[in-house]
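# Observations on chain architecture
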Amino acid sequence: MDLFELLKAAILGIIEGITEWLPISSTGHMILADEFIKLNTSQAFKDMFLVVIQLGAILAVVVLYFHKLNPFSPKKSQQEKRDTFTLWGKVIVSCLPAAVIGLLFDDLIESTFFNYVTVAVMLILYGVLFILVENWNKRRKPKVETLSDLSYCTAFCIGLFQVLALIPGTSRSGATILGGILLGASRTVSAEFTFFLAIPVMFGASLLKMLKFGFTYSGMEIAILLTGMIVAFVVSILAIKFLMGYIKKHDFKAFGYYRIILGALVLLYFLVFANV
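So, a few notes on the structure that sits alongside this text. (Residues numbered from 1 in each chain as written. Predicted model: local features only at pLDDT ≥ 70, side-chain atom pairs only at ≥ 80, totals over all residues. Heavy atoms only, no water.)

A word on the nonpolar core. A general tendency of soluble globular proteins is for nonpolar side chains to be buried together. Residues Trp21, Val61, Phe193, Phe195 and Phe196 are the most contacted members of the largest nonpolar core, which totals 44 residues. At the level of secondary structure, the elements contributing two or more residues to this core comprise helix H4 (54-64), helix H6 (78-113), helix H7 (116-137), helix H8 (152-164), helix H9 (172-182), helix H10 (187-213) and helix H11 (219-246). It is H10 that provides the largest number of residues to this core, a total of nine residues. Leaving out residues up to four positions away in the same chain, phenylalanine 196 has contacts with Val61, Tyr65, Lys68, Leu69, Leu87, Val91 and Leu147. Formed by 20 residues, the second largest nonpolar core is a distinct cluster that contains Ala9, Met30, Leu39 and Leu225. (Core = buried A, V, L, I, M, F, W, Y, C linked by side-chain atoms within 4.5 Å. Buried < 20%, exposed > 50% of the residue type's maximum accessible area, 1.4 Å probe, protein only. Helix = DSSP H or I, 4+ residues; strand = E, 2+ residues; numbered from the N terminus. Contact = heavy atoms within 4.5 Å.)

Below, the discussion takes up the layout of surface pockets. In this structure, the largest pocket spans a volume of roughly 1100 Å³. If you trace the largest pocket, you find 45 residues lining it, with Thr27, Val51, Asp106, Phe114 and Ala205 closest to the centre. Within the residue set of the lining of the largest pocket, elements represented by two or more residues are helix H2 (26-36), helix H3 (43-52), H6, H9 and H10. Broken down by element, the residue count for the lining of the largest pocket peaks at eight residues, all from H6. Listing elements by their share of the lining of the second largest pocket, those giving two or more residues are helix H5 (66-69), H6 and H10. When residues in the lining of the second largest pocket are grouped by element, the largest group, six residues, is from H6. Among the residues forming the lining of the second largest pocket, the class breakdown is three nonpolar, six polar and seven charged. (1 Å grid on protein atoms, 1.4 Å probe; cavity = no way out; pocket = protein on both sides within 12 Å on 5 of 7 lines; lining within 4 Å. Points joined across faces, edges and corners; volume = space filled by probe spheres on them. Nonpolar A, V, L, I, M, F, W, Y, C, P; charged D, E, K, R; others polar.)

This next bit is on the packing of aromatic side chains. The final tally for this structure, using the stated rule, is 14 aromatic pairs. Between tyrosine 65 and phenylalanine 195, the ring centres sit 6.1 Å apart and the planes meet at 45°, which makes this aromatic pair tilted. Placement of tyrosine 65 in the loop between H4 and H5 and of phenylalanine 195 in helix H10 is noted, with a sequence separation of 130 residues between them. In this pair, the class of tyrosine 65 matches that of phenylalanine 195, namely buried. A ring pair is formed by tyrosine 269 and phenylalanine 270, whose centres lie 5.0 Å apart and whose planes are at 85°; its orientation type is edge-to-face. Within the aromatic cluster, the residues linked to one another by ring pairs are Phe130, Phe242, Tyr246, Phe252 and Phe255. (Phe/Tyr/Trp six-rings, centres within 6.5 Å; stacked < 30°, edge-to-face > 60°.)

What follows covers the side chain of threonine 118. Turning to its location among the elements, threonine 118 is positioned in helix H7. The exposure class assigned to threonine 118 is buried, which follows from its relative accessible area of 13%. Sequence-distant contacts of threonine 118, defined by excluding residues within four places in its chain, comprise Phe113, Ile167 and Pro168.

Here H4 crosses H11 at 45°, and the two axes come no closer than 7 Å. Our classification of the angle between H4 and H11 gives oblique. In this structure, the crossing between H4 and H11 has a hand that is right-handed. Listed contacts from H11 to Leu55, Gly56, Ala57, Leu59, Ala60, Val61, Val63 and Leu64 of H4 are Met229, Ala232, Phe233, Ser236, Ile237, Ile240 and Lys241. (Axes fitted to C-alpha atoms, helices over the stretch in contact; angles between N-to-C directions. Parallel < 35°, antiparallel > 145°, perpendicular 65-115°, else oblique. Left-handed = near helix turned anticlockwise from the far one by under 90°.)

In structure tokens, the structure reads:
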């Protein structure tokens with residue numbers, strides 16, 4: 001058992017757990033981290049690991065929001081159970097655009113856009129958009145202040161924004177939160193709905209990657225995968241709690257500035273230092 005490889009997996013799990021829920025692009029950060037933290041595995045396993053590690057992050061949402069997401073809870077009234085089924089209906093409707101585009105163009109997107117230039121440009125572009133949208137949104141009163149107020153039409157439109165996140169560096173949570181705000185949802189509703197959208201999206205993406213890789217793993221590969229997922233789960237719980245507390249008092253502009261600075265540093269590193 002190579003403890004150094006497990007340490008690398010744990011570090012990647014920390015990065016995934018933090019960046020999956022904050023609107024700063026987990027895929028972008030994982031691609032960048034791979035430049036410095038090289039797992040001693042096959043490229044096929046590494047590509048699968050960087051996606052499937054997200055299952056640990058997803059379990060954090062399931063645990064934290066289990067009561068809200070469980071339509072069979074005996075503690076809920078019949079109306080609350082119906083509302084929960086309705087919420088899942090909106091989640092499914094919202095997932096359809098990204099599911100269709102992702103299945104059709106997954107290989108093309110991965111071969112074309114999974115590189116540092118795309119990541120850096122998307123980090124900067126959406127960083128600017130976060131600042132502009134928050135400035136524009138400053139004096140607007142949200143039309144949608146609870147998840148039950150969210151219509152199927154609005155949910156589908158948020159799903160269209162999620163398609164943008166197929167490009168690495170965009171941030172799935174960033175795109176859908178921005179979409180929700182633009183469509184009149186409060187920051188809290190936008191963030192929570194984003195968390196729930198991640199459940200079917202990431203389970204689907206992870207299953208697709210696992211099917212492509214196959215289900216034959218060495219003992220070390222299983223240890224690396226489990227380490228990354230467990231660490232991502234623990235860190236995700238902390239990250240989600242932090243974000244939900246943060247947005248009650250602050251807007252998303254700080255994340256916009258972070259994205260712009262990181263994107264600029266990425267370009268600088270790869271254009272200058274990586275060629276030295």
